[in-house]
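Listed below, chain by chain, are the residues.
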Amino acid sequence: MTGDDLREKFLSYFEGRDHKVVKSSSLVPDDDPTLLFTNAGMVQFKRTFLGEEKRSYRRAASSQKCVRAGGKHNDLENVGHTGRHHTFFEMLGNFSFGDYFKKGAIELAWELMTGDYGLPEEKLWVSVYEKDDEAHRLWADLTSMPEERIVRLGEKDNFWAMGDTGPCGPCSEILIDQGEGVGCGRPSCKVGCDCDRYLELWNLVFMEFNRDQSGRMTPLPKPSIDTGMGLERIAAVVQGCTSNYETDLFMPIIKEIESLCGHNFGASSATDIPIKVIADHSRAAAFLVGGGVLPSNEGRGYVLRRILRRAIRYGRTLGLTRPFLYLTAGKVSRVMQKPYPELLEADAYIKNIIKGEEERFLGTLDTGLRVLEEELSGLRDKGITDIPGALIFKMYDTYGFPVDLIQDIVREQKMSLDMTGFDEAMREQREKSRTQTVAYPTGSPYGGLSAQGVGTEFVGYHRTSMVSEVLMVVADGEAVDRAGEGDTIEVVTAKTPFYGEAGGQVGDRGRISGQNFEMEVLNTIKDPNAIIIHRGKVIRGSISPGESVTLTVDAGRRRAIESNHTATHILHAVLRGVLGDHVKQSGSLVAPDRLRFDFTHFAAVDDETLQEIENLVNDRIQENVSVQVAEMDADEAFKTGAVALFEEKYGDRVRLVEVEGFSRELCGGTHTDRTGEIGLFKIVSEGAVAAGVRRIEALTGKAALAYVQQASRTLDTLAQMLKTKPEELPERLQKVLSQLKSADKELAAFKAKAAAKASDQLLAEVKHVDGVSVLAQEVSVDTPAALRDMADHLRDKLKSGIVVLGSRTPEKALLIAVVTRDHQKKYHAGQIVKQVAAMVGGGGGGRPDMAQAGGTKPEKLPEALASVFDIIAKAG
Ligand SMILES: [Zn+2]
Ligand SMILES: [Zn+2]
């Protein structure tokens, strides 16, 4: 059975037992910005398990794409050194939402394992939680499993919890005994040993309790089932392989690596480790890039970058010094095309992104490795085994070496890394860059405020007007005691309802007024320390620090901005739903008059799809669901701890903005209370901004209405002009255009005929000079090309002789002279035209057979043409 067969069989087995087969959810969780990557099958059902979301089915099965890298449990550095650790893997799972429980789960699992999957019963073992007598009894009663192969294990191995609080319960695992040969050989070796002999295949979680803050567990009213089995592992067992890498899920990728580097898999562990690393990382890279993640220095993008750079470094040990990973990742798209056809569709894009990162990193890798080697040997000479934080930081900062890459390099050398020192160096650098950016935007006056611990409190989420105290007035980049009428200034207050430009949302406008003061605020910005700065012009009176002022935001403009911002979130979610998981926001602009949304996607969005997207956004608006905002500590939001890695922008508190049951995003912007306030959503354009990045521009509310009205007026006008109804315009216009086309054709034919006739008439004007036929005439054509065509035509008719033609516009004269071959010994077209042109105030010349010229005195043309006969007579 191939990997594809096993996946297929799993899903059809459960489908035949009343389970709804659900597609794998995105690797980047749709509605959970706090989770780094989807890491289990249950992630997309989390809210269903918690009872927050209802589904139309109570049993489900899926094969889920998972990535485990970069989180708290970071296995990255083990990948390649074992046959079982992966960054990317697929998890097969069946789920019951308050439907069947332990009995059903055990029966279903046993039947599949010993039936369709055909595993030998005598090699299977089972573990249960030590206090779970019920599960123990069910295994003994319902299956042919002998009691001595049902093992009780403790909380560490067999108790599962979603988090510190929430659903939890015992679990039960099915294991296979791979035989003594695979084991550690210790007499104590048994189920639960950390060697490979008793391999865990399938984990059944019995969600039975709800744990509260105090740690007390109460039974859930509707206990549920969540199970997970790694596809790569079951494939290895069924295919009789000792490592997952030997299965058909990996071998085609490994073959590709072998052909690129010339080393054979299995030849030596020195080359096997890099081959395994590259095979594994190629899969993760293809799926992550295909899932919309781009390599960067923060969050998910940094995890991807670490994976890519680790693979590139290992490639170097195989002699791969030019980009190669894009090719092995391209192989992944082909191996996975049956279950994940979208990967192959994005093939060119995926290769492009990966190749770009390879080229970037290869530029510094060699130098970096050399520098590191020198430094390390210096340390070894001194007997130092702890690599200083400053060196780790230098490698990170200057050469782009992620920490785990250094870890890999020194793995064999028994050296350790001073991570405390590294963190310290990192913190110092951040501090430095922070003090450097404080100078922005107009000098240092605001830095002084921050240094005193003074900040601005933004209170504009719920109100647009308030009274506050002026903390600072700045003119020409310096803090001043007073500013008066006509001055362009910046004002900082203790509190403000004005939103400072951030996260794509433009700054507010409005007024600040006092007893003897009025200022028009033209823009509001934020300095890096989150001090909110009002920029504008004093239109009356004067202002000084310490005064009390009323701040009033232009509320109509703000409402328009909010409509566009909430619409942006809805659009983002709809795009992911319609176009696929790879869609990720890569930029946005939220202004009062329009919104702009940039996203990762590989091809133009066709008109039909665009219409569907527009409809779905409008459906959401018409449902008029609420927009909820939850504020929480960053620590609480980023439970995985890793999303926050290198992400400075979120600060200590984060806001989670939820369009009810549809979209959840971390966002500091302002939003409508309900989606209905957006009114109408209209896309006005879709296009490319960069390779793999598309842009949609759209309007909402009144602006959208005005746009539609304008379009409709234009149609009415056009319809009137064409004397038809707007809906019949295309047909009518088609008709007019085809009439025009046939009229054009007719006209061209007529013109050609007329021209031929006219030139034939001209032949009557031929005179004879010294036995040579000479034609010198003025004609009416308006381009040199047309003049040449006519001269050619006349020469052909004349067969032997000289043709000189002239034409004129109000500004200039055009001339051409043509001499047939038999007269070229005596007469030179270039010489003739030169003399004629001189008479119309111009010059020119050319070849003996044909020459063109022009002049600036068109009124002299008849005279000049009349002189042609004399010129020819003299030349003869
Ligand atoms: Zn063992
Ligand atoms: Zn937002």
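Since the structure is predicted, the reported quantities are computational estimates derived from the model, not experimental observations. For every chain, the first residue of the written sequence is number 1, and numbering continues from 1 onward in sequence order. Chain A is the first chain written and ligand 1 is the first ligand written, with later ones labelled in order. Local features are withheld for residues below a pLDDT of 70 in this predicted model, meaning they are given only at 70 or higher, and side-chain atom pairs are given and counted only at 80 or more; totals for whole chains, interfaces and linings count all residues. Side-chain numbers here rest on the full set of heavy atoms in the structure, without hydrogens or water.

1. Brief notes about the overall build of the protein
Our working definition: Going along the chain from the N terminus, every DSSP run of H or I of four or more residues is numbered as a helix, and every run of E of two or more is numbered as a strand. Each radius of gyration is computed over the set of C-alpha atoms, and the globule rule expresses the reference value as 2.2 Å times the number of residues to the power 0.38. The rule is simple: take the accessible area with a 1.4 Å probe, protein chains only, and divide by the maximum for that residue type; under 20% is buried, over 50% is exposed, in between is partly exposed. By definition in these notes, contact holds between two residues if any of their heavy atoms fall within 4.5 Å. Accessible surface is estimated by sampling points in the Shrake-Rupley manner with a 1.4 Å probe; for residues, cover comes only from the protein chains shown. Charged residues are defined here as Lys and Arg on the positive side and Asp and Glu on the negative side; His and the ends of the chain fall outside this count. We put the charge of a Lys on NZ, of an Arg on CZ, of an Asp on CG and of a Glu on CD.
In terms of helices and strands, the protein carries 25 helices and 34 strands. Computed over the C-alpha atoms, the radius of gyration of the protein is 39 Å, more than 25% above the 29 Å expected from 2.2 N^0.38 for a compact globule of 876 residues. Its C-alpha atoms give the protein principal-axis dimensions of roughly 125 × 80 × 75 Å. The 876 residues of the protein split such that 49% are buried. Long-range contacts, defined as pairs at least 24 residues apart, comprise 68% of the intrachain contacts of the protein with a sequence gap of at least 6. Taken as a whole, the protein presents about 40900 Å² of accessible surface, with 48% of it coming from carbon and sulfur. Taking the average place of the 109 positive charges on the side chains of the protein and the average place of its 127 negative ones, the gap between the two points comes to 6 Å.

2. Overview of the coordination of the zinc ion (ligand 1)
To keep things clear, this is the line we draw: Listed donor atoms are N, O and S within 2.8 Å of the metal (Na, K and Ca: 3.2 Å). As water is not included, a site may look incomplete. Working rule for geometry: tetrahedral if four donors all subtend angles between 85 and 135 degrees; square planar for four, octahedral for six, if opposite donors exceed 155 degrees and the others stay between 65 and 115; irregular in every other situation.
The zinc ion (ligand 1) binds to the protein through Cys184 (SG), Cys189 (SG), Cys193 (SG) and Cys195 (SG), with metal-donor distances spanning 2.2 to 2.4 Å. What the four donor atoms of the zinc ion (ligand 1) show is an angle range of 103 to 116 degrees at the metal, which sorts the shape as tetrahedral. As a motif over one chain, the donors of the zinc ion (ligand 1) read C-x4-C-x3-C-x1-C. With a relative accessible area of 31%, Cys184 lands in the partly exposed category. Taking relative accessible area as the criterion, Cys193 reaches 19% and is therefore assigned buried.

3. Points about the sheet that holds strand 27 (residues 681–690)
Spelled out, the test is: Pairing between two strands requires that DSSP report at least two bridges joining them. Axis definition: a line fitted to C-alpha atoms, limited for helices to the stretch in contact. Angles are taken between N-to-C directions and run from 0 to 180 degrees.
Judged by pairing direction, the sheet is antiparallel, and its four strands sit side by side in the order 22-23-28-27 without closing on themselves. Looking at which strands have only one partner, the edges of the open sheet turn out to be strand 22 (585–590) and strand 27. In this sheet, neighbouring strand axes are inclined to one another by 15 degrees on average, regardless of whether the strands run parallel or antiparallel. Where strand 27 lies against strand 28 (residues 693–700), eight bridges are found, and the strand directions are antiparallel. Within the sheet, the bridge partner assigned to Gly687 lies in strand 28 and is Arg695. Its contacts with the sheet put helix 20 (residues 701–721) on strand 27 and strand 28, and the angle it makes with strand 28 is roughly 90 degrees.

4. Observations regarding unusual backbone geometry
Of note in the backbone geometry, Asp476 takes a positive phi value of approximately 50 degrees without being a glycine. Mapped onto the elements, Asp476 comes out in the loop between strand 13 (465–475) and strand 14 (478–480). Even without glycine at this site, Lys799 takes up a positive phi of about 65 degrees. Structurally, Lys799 can be placed in the loop between helix 22 (784–798) and strand 31 (802–808).

5. Thoughts on the sheet that holds strand 30 (residues 772–778)
The mixed open sheet is built from six strands, whose spatial order is 29-30-31-32-34-33. The open sheet has two free edges, formed respectively by strand 29 (767–769) and strand 33 (842–846), since each of these has just one partner strand. Between one strand and the next, the sheet's axes are offset by a mean angle of 20 degrees, whatever the strand orientation. When strand 32 (residues 813–819) meets strand 34 (residues 850–855), the two strands line up antiparallel, connected through six bridges. Bridging from a neighbouring strand, Ile816 pairs with Gln852 of strand 34. Each of strand 31, strand 32, strand 33 and strand 34 touches helix 23 (residues 829–839); the most contacted strand, strand 32, lies at about 155 degrees to it.

6. With respect to the environment of Gly292
Structurally, the position occupied by Gly292 is in the loop between helix 8 (269–290) and helix 9 (299–317). Judged by relative accessible area, which is 4%, Gly292 ranks as buried. Sequence spacing of Gly292 and Ser259 is 33 residues, and the spatial spacing of their C-alpha atoms is 29 Å. Excluding residues within four positions of it along the chain, Gly292 makes contact with His582, Lys584 and Thr600.

7. Quick look at the pairing of strand 23 (residues 595–600)
For strand 23, the buried fraction is high: five of the six residues fall into the buried class. Hairpin connection between strand 22 and strand 23: a loop of four residues separates the two successive antiparallel strands. Across six bridges, strand 23 lies against strand 28 in antiparallel orientation. For Arg596, the partnering residue across the bridge sits in strand 28 and is Glu697.

8. Let's talk about the coordination of the zinc ion (ligand 2)
Within the protein, the atoms that donate to the zinc ion (ligand 2) are His565 (NE2), His569 (NE2) and Cys667 (SG), at distances of 2.1 to 2.3 Å. In primary sequence terms, the donor set of the zinc ion (ligand 2) follows H-x3-H-x97-C. Of the two residues, His565 is situated in helix 17 (residues 555–579) and Cys667 in the loop between strand 26 (663–666) and strand 27; the sequence distance between them amounts to 102 residues. The pair formed by His565 and Cys667 is uniform in burial state, with each residue classed as buried.

9. Remarks on the packing of aromatic side chains
Condition: Classification of ring pairs uses Phe, Tyr and Trp, with its six-membered ring standing for Trp, and accepts pairs whose centres are within 6.5 Å; under 30 degrees between planes counts as stacked, over 60 as edge-to-face, and the remaining range as tilted. Geometrically, a lysine NZ or arginine CZ counts as sitting over a ring once it is within 6 Å of the ring centre and also within 35 degrees of the ring normal.
Counted according to the given criterion, the structure contains 24 aromatic pairs. Ring centres of Phe287 and Tyr340 lie 5.2 Å apart, and the angle between their planes is 90 degrees; on these two criteria the pair is classed as edge-to-face. Of this pair, Phe287 sits in helix 8 while Tyr340 sits in the loop between helix 10 (325–335) and helix 11 (341–345); the two residues are 53 residues apart in sequence, bridging distant segments of the chain. As far as burial versus exposure is concerned, Phe287 and Tyr340 are alike and both buried. One aromatic cluster in this structure is built from Phe45, Phe49, Tyr57, Phe95 and Phe97. When the ring centre of Tyr461 is taken as origin, the NZ or CZ atom of Arg655, which lies over that ring, is 3.4 Å away.

10. Side note on the packing of helix 10 against helix 12 (residues 347–381)
This is how it is decided: Throughout, the term roughly parallel applies to angles under 35 degrees, roughly antiparallel to angles over 145, roughly perpendicular to angles from 65 to 115, and oblique to all others. In this scheme the handedness of a crossing depends on how the near helix is turned from the far one: anticlockwise by less than a right angle means left-handed, clockwise means right-handed. Just so you know the grouping, Ala, Val, Leu, Ile, Met, Phe, Trp, Tyr, Cys and Pro go in nonpolar, Asp, Glu, Lys and Arg go in charged, and all remaining residues, Gly too, go in polar.
With their axes 8 Å apart at the nearest point, helix 10 and helix 12 run at an angle of 155 degrees to one another. When the axis of helix 10 is compared with that of helix 12, the two are roughly antiparallel. Helix-helix and strand crossings are classified by hand; for helix 10 and helix 12 the assignment is right-handed. Within the contact between the two elements, helix 10 uses Leu325, Tyr326, Ala329, Gly330, Ser333 and Arg334 and helix 12 uses Asp347, Ile350, Lys351, Ile354, Lys355 and Glu358. The residue makeup of the contact of helix 10 with helix 12, split by class, is five nonpolar, two polar and five charged.

11. Describing the side chain of Arg655
The following threshold applies: Salt bridges are defined by distance alone: a side-chain nitrogen of Lys or Arg within 4 Å of a carboxyl oxygen of Asp or Glu. Definition of a polar contact: a pair of N or O atoms within 3.5 Å, with one able to donate and the other able to accept a hydrogen when the atoms are protein atoms, and with sequence-neighbouring residues admitted only if both atoms are side-chain atoms.
Residue position: Arg655 is located in strand 25 (residues 653–659). For the buried Arg655, which has no salt bridge, the nearest side chain bearing the opposite charge is Glu631, at an N-O separation of 4.4 Å. A polar contact is formed between the side chain of Arg655 and the backbone oxygen of Gly669, at a distance of 3.0 Å. The contacts of Arg655, once residues within four sequence positions are left out, are Tyr461, Val629, Ala630, Glu631, Glu665, Leu666, Cys667, Gly668 and Gly669.

12. A few points about the pattern of salt bridges
In this structure the tally under the stated criterion is 45 salt bridges. Residue Asp196 pairs with Arg84 through a salt bridge whose shortest N-O separation is 3.7 Å. Residue Asp196 is found in the loop between strand 7 (166–177) and strand 8 (198–211), and its partner Arg84 is found in the loop between strand 2 (59–67) and strand 3 (88–96); the two are separated by 112 residues along the sequence. Take Asp196: its relative accessible area is 32%, and that puts it in the partly exposed class. Here Arg695 ties to Asp598 by a salt bridge, and the two come within 2.7 Å at their closest N and O atoms. Taken together, the positions of Arg695 in strand 28 and Asp598 in strand 23 put the pair 97 residues apart, joining distant regions of the chain. Salt bridges sharing common partners tie together Lys102, Asp132, Glu134 and Glu208.

13. Description of helix 13 (residues 389–399)
Listed in full, the buried residues belonging to helix 13 are Gly389, Leu391, Ile392, Phe393, Met395, Tyr396 and Tyr399. Following helix 13 by one or two positions, Gly400 adopts a phi angle in the positive range, close to 65 degrees.

14. Some words on the nonpolar core
Using the following cut-off: Here, nonpolar core means buried Ala, Val, Leu, Ile, Met, Phe, Trp, Tyr and Cys residues that are tied together by side-chain atoms lying within 4.5 Å of each other.
If you look at the biggest cluster of nonpolar residues, it comprises 114 residues, and the most contacted ones within it are Phe10, Met113, Tyr117, Trp202 and Phe401. The biggest single contributor to this core is helix 12, with 11 residues. The next biggest cluster of nonpolar side chains, apart from the first, holds 26 residues, and it includes Val774, Ala813, Val819 and Leu861.

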